[in-house]
Structures are given as structure tokens and as C-alpha cells.
Amino acid sequence: MEAFRTLFTHFEDIRVLFFSHMVQTSLVAFTGLAMVGVRLKLCQALVVGIPVAFYMYLERALMLTYQYSLTSHILLGALGFILATWLILRLPVVTAVVATTISYIIILTSETFFLMPVVTYFNIDLKYVLSNPWLQCALGLLSNIPLLVLGVASYFTRFSLLKLSGGGRKVLVKISDVGFRKTLQKNEK
Amino acid sequence: MNSVFDRKIAWLSAFVLIQSFLILATGFNCYYNYKYYIINFPITKSLSAIILIFGTLLAVGSLWFIRQIQDLADKQAEAEAQAVLMEESREMINVLRAKQHDYTNHLQVISGSLQMGKPHRAMEYIKEIIGDLALVSNITGLESPELAALLLKKISLAEANGIVVKLSIESRLTNFPFSAYELTRILGNLLDNAIHALQEDFSPEKILLIRISEDLRYYLFSITNSTPIIPKSLHKVIFEEGFTTKRNKGNGLGLAIVKALVEKNKGQINFISNEQEGTIFTAVLPKNLGD
């Protein structure tokens with residue numbers, strides 16, 4: 001019980017979950033898969049992003065509770081993403097691995113060369129950031145800008161780094177092609 | 001290999017990316033743990049910065065590397081598609097040569113009928129030839145020469161086996177957005193199956209109906225063989241890999257490949273099989289790939 005109580009105290013503010021984690025996880029799914037040539041619709045990105053956001057919320061609380069390293073936190077996050085992409089979208093594992101890795105490389109690079117210089121330049125104390133949910137959301141969103149730019153660019157230009165197989169996209173077809181099925185039924189008649 | 005990455009190359013890319021990601025994550029951990037979180041982190045600031053920069057360079061380099069592999073794979077796929085096009089064109093020329101040879105015979109028959117003073121026989125014969133000419137003209141009017149070559153070849157094969165071929169081309173497939181290579185694989189497999197099924201059947205009337213049409217949003221390709229009928233017990237397994245009714249002649253991949261290619265292009269394949277209509281396989285492909 002004590003462990004649960006300690007864990008509970010380390011949960012971030014709920015606003016961070018909704019305004020930072022969910023946006024970031026949906027963007028990671030959307031842009032990562034766009035980079036391997038699998039185009040998601042917004043609702044499909046959310047279908048992956050929302051459960052992973054809850055997972056990240058829990059995982060960050062665990063990190064703060066047990067003080068394990070940032071590398072472990074990053075790897076656990078990536079693993080969660082790979083599993084979610086694989087299980088929810090039913091994409092091949094290799095597609096999930098490559099898409100997630102690309103997204104994480106973009107995030108880490110943007111945090112290194114975009115977010116942290118801003119934090120250093122304005123001399124912002126990270127402890128203060130962690131205690132202020134809106135500031136945490138704002139900085140979180142700042143680090144997502146490169147992902148957002150790449151995702152939007154890829155959406156309009158259909159650019160992708162790789163063209164990996166979408167495999168058996170049973171869930172994708174069900175969500176996105178309702179009108180298509182009606183046309184099929186008409187053609188059959 | 002087509003433009004979709006070969007599985008081994010995809011795993012190689014994953015391996016390269018994961019390695020650079022791990023180094024980048026370690027660099028990130030070293031640098032920012034040193035800077036912000038843990039006080040006694042056993043690494044100097046400059047060394048952690050070097051690891052971080054090295055990890056970043058490696059990550060960017062690996063993205064560039066896999067992009068180059070993708071370009072090579074695309075070029076290889078393009079070369080293979082060109083080779084298929086060449087082969088199809090060669091076959092189309094052979095079929096047209098055979099037709100030309102047939103027409104020489106037809107002209108001799110007409111000339112003979114006229115010399116024998118039987119113009120009505122000659123007229124009837126000409127009417128028959130016009131039907132054949134219309135069929136060739138319909139096929140060669142398609143925008144895709146690969147598809148035209150395939151249809152000419154398969155129709156010749158079917159007719160040589162005593163199958164009556166009926167063709168309904170209501171679309172010339174102008175601005176068809178899909179790869180000709182994939183389309184010929186889809187229709188080639190469906191036509192092979194239909195011709196094989198008709199060949200094996202003992203029915204006196206064997207009809208193969210090929211229909212190509214389009215509406216505002218979709219292209220529709222339909223292949224019908226009048227007989228045999230697929231038993232209901234097989235309907236669920238017909239698209240599964242390894243399923244075949246051709247015994248030793250088939251590997252059971254044809255329809256599975258067709259299904260995969262159609263779904264890859266966001267289309268759908270389905271079939272009906274009953275006594276009244278025969279067996280109809282229909283592939284529907286959306287005009288706009290974004291649909």
C-alpha cells in the first residue's frame with residue numbers, strides 16, 4: 001500500500017496527460033508511420049496515441065518514484081509504442097519498430113537541439129517546470145514542433161523515408177473505409 | 001521485389017536505427033542527467049556531450065543510409081517493372097503476329113468464296129472477323145499496354161482451349177494511378193485461375209467473361225468463369241496462403257497475392273459463386289489512393 005501511495009504522489013497533473021502526453025503520442029504514431037509510408041487518419045493516430053499516453057503517464061510516475069535512468073524511461077516508452085502499433089493497428093512488427101525508432105530519434109534530437117537550448121537560454125529551472133503543468137505542457141509541445149512539421153509536410157507531400165508494408169490492415173480498413181464498403185455492396189448488386 | 005521493402009532489408013534498417021537510437025538515448029541520458037538530475041553521475045560533462053553529438057550524427061546518418069537503401073530498392077523495382085513491360089510487349093507482338101497470320105488466311109477464304117461465286121458466304125465470314133477485330137481493337141485501346149498484352153495473351157490461351165471469351169471494356173483506364181506490374185499480377189492470377197478451372201471442367205459450354213469498368217470513385221475488374229462453382233465450404237479459405245485446388249500444379253499463393261496487392265492499394269477483392277451467375281471474382285480499386 002505504501003508503494004502505491006508513493007507512486008500516486010508522483011503522478012503528474014492530469015492536464016499534462018491530456019495536453020502534452022496525448023498530443024505527443026498521437027504525433028509520434030502519425031509522423032513515425034508516415035515516415036515509413038503508412039498514412040494514418042487523425043482518429044487512427046488517436047486510437048494508438050491515447051492508450052500509449054496513459055501508459056507514459058504511469059511510466060513517468062514510476063520513473064519519478066524509483067529514480068531509474070532517462071535511458072530506461074526512453075526505452076520503456078519506445079517499447080510501449082512498438083507494442084501499441086503492433087497490437088492495435090496490427091501492423092508488422094518491423095514496421096512498428098522502424099516507425100517508433102524514427103519518431104523517437106526525431107523527439108530526442110528536437111529535445112536536445114531545440115527544447116534544452118530554450119530551457120538553458122531562458123534559465124528555466126526544470127524543477128519549476130515539473131511543478132507547473134501549463135509550463136510543462138508548453139515545453140512539451142515545443143519539443144513536438146519538429147514532429148508536427150514533418151507530419152504535416154508528409155501529409156501534404158506524401159513524403160516518406162521508407163516504404164514499409166502496411167501488412168494486414170484489418171483495423172485501418174474497418175475504421176476508414178465505411179463508404180468504400182457501401183460502394184462495394186452496390187457494385188455487387 | 002517491388003517497391004515495398006524486402007523483409008530482410010526492413011529488419012536491417014530496424015537494426016541500424018535501433019543501434020543509433022540507443023547511442024543517442026545514452027548520450028541524452030548522460031548529458032542531461034549530468035546537467036539536471038543526478039548529482040554524482042560518473043561521467044564528465046564534455047564526454048557526455050561528445051556521446052550526445054556522436055549519437056545524433058549517427059542517428060541522422062542512419063536515416064540517410066536507409067533512405068539510400070530505399071532509393072536502390074525503388075530503382076530495382078523500376079528495373080524489374082521495365083523488364084516485365086518488355087516481356088509483355090514481346091508477347092503482345094507475338095500475339096499480333098499470329099493474328100496477322102490468321103488474317104492472311106481469312107483473306108484467302110474470302111477471296112476463294114468470291115471466286116466460287118458465293119458472296120453471301122463471304123459476307124458471313126467477314127461479319128465473324130469483324131467481331132474478332134473489335135475485340136482486338138477494344139483491348140489495344142486500353143491505356144495500359146501491359147494490361148493489353150496480358151489480355152491478348154490470356155484470351156488466345158483460353159480460345160485455344162475451347163473457351164468462349166466475352167469481353168466488356170467500359171473504361172480505357174485513363175490516368176490509372178496504380179503500378180501496371182501490380183495490376184497485371186492481380187488480373188493475371190485471376191485469369192489463370194478462371195482458365196484453369198474452365199479447362200478442368202467437363203461442361204459443354206465454357207464461357208470466360210472479362211469486365212473492366214469504372215465509376216466516379218472506383219475501378220472495377222471482374223473475371224467470371226461460367227463453371228465450375230466453388231463449394232460453400234471453401235469460401236472462407238479461398239484467399240488463404242497455401243490453399244489450392246490445382247493439386248500438384250498450384251502452390252496456393254495466387255489468390256493470397258491478389259488479395260495482398262488489392263488491399264495494399266486500398267482496394268477490395270471479393271467473389272460470388274452460384275449456379276445462375278457462375279464464379280465471379282471482383283477487384284475494386286479506388287481512384288484516389290487517399291480514399
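Residues numbered from 1 in each chain as written. Chains lettered and ligands numbered in written order. Predicted model: local features only at pLDDT ≥ 70, side-chain atom pairs only at ≥ 80, totals over all residues. Heavy atoms only, no water.

Now for the overall build of chain A. Across its full length, chain A holds nine helices and zero strands. In chain A, buried positions account for 49% of the 189 residues. Here the analysis covers contacts within chain A between residues at least 6 apart in sequence; of these, 79% occur between residues at least 24 apart. Approximately 9300 Å² of chain A is accessible, and the part contributed by carbon and sulfur atoms is 70%. (Helix = DSSP H or I, 4+ residues; strand = E, 2+ residues; numbered from the N terminus. Buried < 20%, exposed > 50% of the residue type's maximum accessible area, 1.4 Å probe, protein only. Contact = heavy atoms within 4.5 Å. Areas by Shrake-Rupley, 256 points an atom, 1.4 Å probe, with all protein chains shown as cover.)

Turning next to a nonpolar patch on the surface. All names here are of chain A. On the surface, a cluster of nonpolar side chains totalling about 790 Å² of accessible area is made up of Ile14, Phe18, Phe19, Leu42, Leu46, Ile50, Phe54 and Trp134. At the level of elements, helix H2 (14-35) and helix H3 (42-66) are the ones that each hand at least two residues to the nonpolar patch. Here the nonpolar patch takes four residues from H3, the largest share from any one element. With respect to the helices, strands and loops of the structure, Leu46 is situated in helix H3. In this structure Leu46 comes out as partly exposed when scored by relative accessible area, which is 35%. (Patch = residues over 30% accessible without salt bridge, like charges linked within 9 Å, V, L, I, M, F, W, Y side chains within 5 Å. Salt bridge = Lys/Arg side-chain N within 4 Å of Asp/Glu carboxyl O.)

Below, the discussion takes up the side chain of Thr184(B). Residues and elements named next belong to chain B. Among the structural elements, Thr184 can be located in helix H5 (residues 180-200). Overall, the relative accessible area of 7% leaves Thr184 in the buried class. Leaving out residues up to four positions away in the same chain, Thr184 has contacts with Glu146, Leu147, Leu150 and Asn189.

Side chains that carry opposite charge are capable of pairing whenever their charged atoms lie near each other. The full count for this structure, using the stated rule, is ten salt bridges over all chains. Here Glu12(A) makes a salt bridge to Arg60(A), at a shortest N to O gap of 2.9 Å. Taken together, the residues Glu12(A) in the loop between helix H1 (2-9) and H2 and Arg60(A) in helix H3 connect sequence positions 48 residues apart. What makes Glu12(A) buried here is its relative accessible area of 11%. Put simply, Glu182(B) and Lys264(B) hold a salt bridge, and the shortest N to O gap is 2.4 Å. Residue Glu182(B) is located in helix H5, and its partner Lys264(B) is located in helix H6 (residues 254-264); the two are separated by 82 residues in the primary sequence. Classification of Glu182(B) as buried rests on a relative accessible area of 5%.

Residues and elements named next belong to chain A. It is the contact of H2 with helix H7 (residues 133-157), at a shortest axis distance of 9 Å, that shows an interaxial angle of 20°. Taken together, the axis directions place H2 and H7 in an arrangement best described as roughly parallel. Note on packing geometry: the crossing formed by H2 with H7 is left-handed. Each residue belonging to the contact of H2 with H7 can be placed in one class, and the counts come to 16 nonpolar, nine polar and one charged. (Axes fitted to C-alpha atoms, helices over the stretch in contact; angles between N-to-C directions. Parallel < 35°, antiparallel > 145°, perpendicular 65-115°, else oblique. Left-handed = near helix turned anticlockwise from the far one by under 90°. Nonpolar A, V, L, I, M, F, W, Y, C, P; charged D, E, K, R; others polar.)

This part is about the nonpolar core. Judged by nonpolar contacts, the single largest core of 50 residues is most densely connected at Leu33(A), Val36(A), Val98(A), Ile102(A) and Tyr104(A). Of all the secondary structure elements, the ones that give two or more residues to this core are H2, H3, helix H4 (70-88) and helix H5 (93-121) of chain A together with helix H1 (7-37) and helix H2 (45-115) of chain B. Looking at this core, the element that brings in the most residues is H5(A), giving twelve residues. The residues touching Val98(A), leaving out its near neighbours within four places in the chain, are Val36(A), Leu162(A), Leu164(A), Ala10(B), Ala14(B) and Leu17(B). (Core = buried A, V, L, I, M, F, W, Y, C linked by side-chain atoms within 4.5 Å.)

On to the environment of Arg172(B). Residue and element names in this part refer to chain B. In this structure, Arg172 sits in the loop between strand E1 (164-169) and H5. Apart from the residues lying within four places of it in its own chain, the contact partners of Arg172 are Gly141, Leu142 and Glu143. Among the polar contacts made by the side chain of Arg172, one reaches the main-chain carbonyl oxygen of Gly141 at a distance of 2.8 Å. (Polar contact = N/O pair within 3.5 Å; in protein donor to acceptor, adjacent residues only side chain to side chain.)

A cis geometry characterises the amide bond from Thr227(B) onward to Pro228(B), with omega recorded as -15°. Relative to the helices and strands, Pro228(B) is located in the loop between strand E3 (218-225) and H6. Located in the positive-phi region is Asn123(A), a residue other than glycine, with phi close to 55°. Inspection of the secondary structure assignment puts Asn123(A) in the loop between H5 and helix H6 (126-131). At Leu173(B), a residue that is not glycine, the phi angle is positive and equals roughly 60°. If you trace the backbone, Leu173(B) turns up in the loop between E1 and H5.

Looking now at the sheet that holds E1(B). Residue and element names in this part refer to chain B. Strand order in the open sheet formed by five strands is E1-E2-E3-E5-E4, with mixed pairing between adjacent strands. The sheet is open, and its two borders are formed by E1 and strand E4 (268-274), each paired with just one other strand. For this sheet, the mean angle separating the axes of adjacent strands, direction not counted, is 10°. Across seven bridges, the pairing between E4 and strand E5 (residues 278-286) is antiparallel. Its bridge partner being in E5, Ile272 is matched across the sheet by Ile280. (Pairing = 2+ DSSP bridges.)

Residues and elements named next belong to chain A. In this model, chain A carries a mean pLDDT of 80, and residues with pLDDT of at least 70 account for 87%. When mean pLDDT is compared element by element in chain A, H2 scores highest at 90, while helix H8 (residues 170-176) scores lowest at 36. Segment residues 167-189 is flagged for pLDDT under 50; beyond a separation of four residues in sequence, or across chains, it makes 33 contacts in the model. (pLDDT = per-residue confidence, 0-100.)

Residues and elements named next belong to chain B. Of all eight residues in E3, eight are buried, a share of seventy percent or more. Two strands pair when backbone bridges link them, and strand E2 (residues 207-214) and E3 are joined in this way by seven bridges, in the antiparallel orientation. Paired with Ile212 across the strands is Phe221, a residue of E3. Taking the residues that link successive antiparallel strands as the turn, the E2-E3 hairpin has three residues. In the sheet, E3 pairs with E5 via eight bridges, with the strands oriented antiparallel. The partner of Ile223 across the bridge, within E5, is Phe281.

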